[in-house]
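Residues per chain are reported as follows:
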Amino acid sequence: MATEIQAARLMTYWAAVRSESWAVTSEAAMAKYFASEVAMRATTEAMRVHGGHGYSQEFVVERLYRDAPLMVIGEGTNDIQRLIIAKSLIQGTTTLGWQTPHNPA
C-alpha cells in the first residue's frame, strides 16, 4: 500500500511540475486515475487488516473506506480519465516520461 501511495503522490507531483510549462490534461488525468484506484485498493486492504474494527466509526479507516469511491467518480469518472489519456496518446499531444509533448501548431 505504501509503495502504491508513494507512486500516486509522485505521479501527481510530475503532473504539477509539467503544468508550469504547458497544458497537462492527460498528465492530470493519469494522476487522478491512478491515485483514485490506489485509494480504493488501499482502503479495501486497510479494512481487511482492521477486520471488524474497520467498520466502527471510532476508527478513521471506516471514513476513508466510505470516501474512496467518491475519488473514482468525482471530477470525472475513471472511465472518462482513461478516454482522455487514450485520446491524448493517439493524437500525440502527450508523451510518457519527462519529454516535451509534440504540439502541432
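Just above sits the structure.
Below or above, wherever it landed, is the structure these notes cover. What you see is a predicted model, and the numbers here were worked out from it, not measured in a lab.

**Some points on the layout of surface pockets**
1) Next: Computed from the structure, the largest pocket encloses a volume of approximately 250 Å³.
2) Next: Considering the residues around the largest pocket, the lining is formed by 14 residues, among which A35, S36, A39, A68 and M71 are closest to the centre.
3) Next: When residues of the lining of the largest pocket are traced back to their parent elements, those giving at least two are α1 (2-18), α2 (25-50) and α3 (60-73).
4) Next: In terms of residue count, α2 provides more of the lining of the largest pocket than any other element does, 7 residues in total.

**Considerations on the pattern of salt bridges**
Side-chain pairs of opposite charge can arise where the charged atoms are in close proximity.
1) Next: Counted according to the given criterion, the structure contains 6 salt bridges.
2) Next: Across the pair E4 and R41 runs a salt bridge, and its minimum N-O distance is 3.0 Å. Taken as a pair, E4 in helix α1 and R41 in helix α2 lie far apart in primary sequence, 37 residues in all.
3) Next: Owing to a relative accessible area of 38%, R41 belongs among the partly exposed residues under this scheme.
4) Next: The residue E62 makes a salt bridge to R66 at a minimum N-O spacing of 2.7 Å. With a gap of 4 residues between them, E62 and R66 both fall in helix α3, about one helical turn apart.
5) Next: Note on R66: relative accessible area 48%, which makes it partly exposed.

**Thoughts on helix α4 (residues 78-91)**
1) Next: Taking 1.5 Å as the rise per residue, α4 with 14 residues should run 20 Å; its terminal C-alpha atoms sit 20 Å apart, in good agreement.
2) Next: Looking at the buried residues of α4, the elements they touch are α2 and α3.
3) Next: The positive-phi residue at the C-terminal boundary of α4 is G92, with phi of around 80°.

**Considerations on the environment of V17**
1) Next: Inspection of the secondary structure assignment puts V17 in helix α1.
2) Next: According to the relative accessible area criterion, V17 is partly exposed, its value standing at 44%.
3) Next: Distance in space between the C-alpha atoms of V17 and R66 is 31 Å, their sequence separation being 49 residues.

**Things to note about the packing of α2 against α4**
1) Next: With their axes 9 Å apart at the nearest point, α2 and α4 run at an angle of 145° to one another. Our pair here, α2 against α4, has a crossing hand that is left-handed. On the side of α2, the interface is formed by T25, S26, A29, M30, K32, Y33, S36 and E37, while α4 contributes N78, Q81, R82, I84, I85 and S88.
2) Next: In terms of residue class, the contact of α2 with α4 is made up of 5 nonpolar, 6 polar and 3 charged.

**Considering the side chain of N78**
1) Next: Positionally, N78 belongs in helix α4.
2) Next: At 2.6 Å, the side chain of N78 and the side chain of E37 are in polar contact.
3) Next: Excluding residues within four positions of it along the chain, N78 makes contact with K32, Y33, S36, E37 and V72.

What counts and how
- Residues numbered from 1 in each chain as written.
- Predicted model: local features only at pLDDT ≥ 70, side-chain atom pairs only at ≥ 80, totals over all residues.
- Heavy atoms only, no water.
- 1 Å grid on protein atoms, 1.4 Å probe; cavity = no way out; pocket = protein on both sides within 12 Å on 5 of 7 lines; lining within 4 Å.
- Points joined across faces, edges and corners; volume = space filled by probe spheres on them.
- Helix = DSSP H or I, 4+ residues; strand = E, 2+ residues; numbered from the N terminus.
- Salt bridge = Lys/Arg side-chain N within 4 Å of Asp/Glu carboxyl O.
- Buried < 20%, exposed > 50% of the residue type's maximum accessible area, 1.4 Å probe, protein only.
- Expected span 1.5 Å × (residues − 1).
- Contact = heavy atoms within 4.5 Å.
- Axes fitted to C-alpha atoms, helices over the stretch in contact; angles between N-to-C directions.
- Left-handed = near helix turned anticlockwise from the far one by under 90°.
- Nonpolar A, V, L, I, M, F, W, Y, C, P; charged D, E, K, R; others polar.
- Polar contact = N/O pair within 3.5 Å; in protein donor to acceptor, adjacent residues only side chain to side chain.

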